[in-house]
Amino acid sequence: MDFTRRETLALGAGAAALTVLPASAFAATVDELIAEFTGGADVADGGVTLNAPEIAENGNTVPIEVAADGAASIMVLAAGNPTPPVATFHFGPLAGASRASTRIRLAGTQDVVAVAKMADGSFARTSKEVKVTIGGCGG
Amino acid sequence: MRYKALTAAAALAIAFPTLGAADPDANLIINGEIEMVTETAAPDHLKGHLRSIRSGWTFRTEETQALQMDDFDNPGMIFVDQGRDSWNAVEGDAGQSCASCHEEPESLRGLRASLPKWNEEKGKVYTAEMYINDCRTERMGAEAWGWDSQPMKNMTALIASVSRGMTVDVAIDGPVEDTWERGKEIYYTRYGQLELACANCHEDNYDNYIRADHLSQGQTNGFPVYRLKQANLVSQHNRFNGCIRDTRGVPYDVGSDDFVALQLYVASRGNGLSVEGPSVRN
Amino acid sequence: MAENVKPRVRVPRSASAGEVATIKTLISHKMESGQRKDSEGNTIPRSIINRFTCDFNGQNVIDVTMEPAISTNPYFEFEATIPETGEFTFTWYDDDGSVYEDVQSVEVS
């Protein structure tokens, strides 16, 4: 039997278990939120670290970490959630590093986006796809 | 999505041990201090069934495992704190708190490792919940807590936490023997429309996936468990209830003799693992 | 005031001047997102902690704007510079107007 990787992954993880949320329906909102954060300025790719699991054990509590050297603030968005905003970290004068970890809710497989406002006023972003499975006896 | 024809059994049999990446060699050491035994030889009574036993911790993803390794990462510990407040609070007509008789929660170190166990005075097997309510109703003149109420879960989490690292060792013979046999019977009985026994998943198929769930051995050394799904503590009976409900059967009641028997039997399957409660699971 | 809200923070008891320490904070709070429905189909209204701040001796370490996507029992881990002996003040602001606070001292040798 010939399976594509996608089919094999879906079958292995449970036929109906992978919920993939269409980014398109919410992409406009994500762009708008980023534009609001940056005031319309250009956003460079990279320079922001976003650690998140490749597959979330449970969408209710997903550990993530964001960091950007010298950033004044970092905004986190969940592109596929009913409302994308997750948190914005503002680093004060006594912050030891522009880094923070937290746990978030993801409604389904989607991109998590982190946008950093750097010390010099420029902006940088990164994103990572987190797979969120549902289904199974315990889940 | 179109699927190639595949029987349900074959689909179930597709094992993806690397999906979500649990590290089988990882060690669980809490706060850099409390070393846990998360895998060991199965107890004698499991001869012919299991050669080795593994804590539920070993089946979870790296991220989930990490949550349990520090008491300030483990969300279950905020409930232990609340349990401690409860421990010191005076309640009931007798004007006493748990502390009035038991002093520090640490005085109960060792208890969780032996629960559930025979209560000679009451002539039956007792769980932590039952001891707690006996104290409340018979000695404190306070009202009983619901088995799955928040205060009860906080307290069982506190009691488990002071025994962390100790070896689970519940008695299976002597006065508990009948109860243990009943628990064993339930464990191997198929329930519900799906006709699944505990053993079908947790003994025959641990490490495989049922849909998106990575099956564990169903050990209870980590209870009460902070489940990421509920973002709260969960008791053994609550889990048993959920499992039988998921077979589309009618579960026994939380707090029932049948679930106490099952709790005793399942605890004994973990004899040799370390007490981890409150642990963190999916 | 939401029920049973209790903070739990890890702060070093002592540090050397200028040391950077990792701070961990947890607080028990439902973080009702406003997305859930009750058994009758009515939407359960949003009720979350919407802001978390950490200050040391009056200077800000971190200020977090929180949305409903932050999990129940919000957790934050971050770095703080400890310039001198003093107090960390952790503050959580609830939608319902409640303010929860925890204070921890650090001694600088």
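The model shown is predicted, which means the values in this text are computed figures rather than measured ones.

A. Region of interest: the overall build of chain C. When helices and strands are tallied, chain C shows 0 helices and 8 strands. Element order for chain C, N to C, with α for helix and β for strand: β-β-β-β-β-β-β-β. For chain C, the spread of C-alpha atoms along the principal axes amounts to about 60 × 20 × 20 Å. Looking at chain C as a whole, 49% of its 109 residues are labelled buried. Intrachain contacts of chain C at a sequence separation of at least 6 include 57% that bridge at least 24 residues.

B. Seen up close, the interface of chain A and chain C. The interface of chain A with chain C comprises 26 residues on the first partner and 30 residues on the second. Across the chain A to chain C interface the summed buried area is about 2,200 Å²; carbon plus sulfur atoms make up 49%. When the buried area of chain A at its contact with chain C is split by residue, Leu94(A), Arg103(A) and Arg105(A) rank highest and sum to 34% of it. Our count for the contact surface shared by chain A and chain C stands at 2 salt bridges. Of the charged contacts, one joins Glu77(C) and Arg99(A) as a salt bridge, the two residues approaching to 3.2 Å between their closest N and O atoms. If you look at where chain A meets chain C, you find 19 residue pairs in polar contact (both at pLDDT 80 or more). Counting only elements with at least two residues in the side of chain A that touches chain C, the list comes to β6 (85-91) and β7 (95-104) of chain A. For the side of chain A that touches chain C, the element with the highest residue contribution is β7(A), accounting for 9 residues. Summarising the sheet, β6(A) and strand β5 (residues 59-66) of chain C pair through 5 bridges and their orientation is antiparallel. Residue pairing for β5(C): Phe91(A) is matched across the bridge by Ile62(C).

C. Representation of the sheet that holds strand β9 (residues 225-227) of chain B. Residue and element names in this part refer to chain B. If you walk across this open sheet you meet the 3 strands as β10-β9-β11, and the pairing is mixed. In the strand order of this sheet, the two ends are held by β10 (232-234) and β11 (279-281), each with one partner. Each neighbouring strand pair of the sheet contributes to a mean axis angle of 40°, computed without reference to strand direction. With 3 bridges joining them, β9 and β10 adopt antiparallel strand pairing. Within β10, the position partnered with Arg227 by the bridge is Asn232.

D. Spatial organisation of the packing of aromatic side chains. Inspection of the entire model under this criterion finds 19 aromatic pairs over all chains. Ring plane angle 85° and centroid distance 6.0 Å describe the contact between Phe89(A) and Phe76(C), whose orientation is recorded as edge-to-face. Pair noted here: Phe89(A) is in strand β6 and Phe76(C) is in strand β6 (residues 75-82), and the two residues belong to different chains. Grouping residues by exposure puts Phe89(A) and Phe76(C) together as buried. The structure contains a cluster of three or more aromatic residues connected by ring pairs, namely Phe89(A), Phe52(C), Phe56(C), Phe76(C), Phe78(C), Phe88(C), Phe90(C) and Trp92(C). One Lys or Arg, Arg103(A), reaches over the ring of Tyr75(C) and ends 3.7 Å from the middle of that ring.

E. Representation of empty space enclosed by the protein in the model. Residue and element names in this part refer to chain B. If you walk through the whole model with that rule in mind, you get 5 cavities of 30 Å³ or more. Its boundaries defined by the atoms lining it, the largest cavity holds a volume of some 700 Å³. Taken together, 36 residues line the largest cavity, and the ones lying closest to its centre are His202, Ser216, Gly218, Arg239 and Cys243. Of all the secondary-structure elements, those providing two or more residues to the lining of the largest cavity are α9 (198-202), β8 (213-214), β9, α10 (236-246) and α11 (257-269). Take the lining of the largest cavity: its biggest share by element is 5 residues, from α10. Looking at side-chain class alone, the lining of the largest cavity contains 16 nonpolar, 14 polar and 6 charged residues. The space that makes up the second largest cavity amounts to roughly 170 Å³. Lining the second largest cavity are 19 residues, with Arg112, Leu115, Phe223, Gln236 and Gln263 sitting closest to its centre. The element that contributes the greatest number of residues to the lining of the second largest cavity is α11, accounting for 3 residues.

F. Structural context of the environment of Pro251(B). Residues and elements named next belong to chain B. For Pro251, the location among the structural elements is in the loop between α10 and α11. Put simply, Pro251 and Gln193 are 58 residues apart on the chain and 12 Å apart in space, counted from C-alpha to C-alpha. In contact with Pro251, not counting residues within four places along its chain, are Asn241, Ile244, Arg245 and Phe259.

About the cut-offs
Residues numbered from 1 in each chain as written. Chains lettered and ligands numbered in written order. Predicted model: local features only at pLDDT ≥ 70, side-chain atom pairs only at ≥ 80, totals over all residues. Heavy atoms only, no water. Helix = DSSP H or I, 4+ residues; strand = E, 2+ residues; numbered from the N terminus. Buried < 20%, exposed > 50% of the residue type's maximum accessible area, 1.4 Å probe, protein only. Contact = heavy atoms within 4.5 Å. Buried area = accessible area lost by both parts, 1.4 Å probe. Salt bridge = Lys/Arg side-chain N within 4 Å of Asp/Glu carboxyl O. Polar contact = N/O pair within 3.5 Å; in protein donor to acceptor, adjacent residues only side chain to side chain. Pairing = 2+ DSSP bridges. Axes fitted to C-alpha atoms, helices over the stretch in contact; angles between N-to-C directions. Phe/Tyr/Trp six-rings, centres within 6.5 Å; stacked < 30°, edge-to-face > 60°. Lys NZ or Arg CZ within 6 Å of the ring centre and 35° of its normal. 1 Å grid on protein atoms, 1.4 Å probe; cavity = no way out; pocket = protein on both sides within 12 Å on 5 of 7 lines; lining within 4 Å. Points joined across faces, edges and corners; volume = space filled by probe spheres on them. Nonpolar A, V, L, I, M, F, W, Y, C, P; charged D, E, K, R; others polar.

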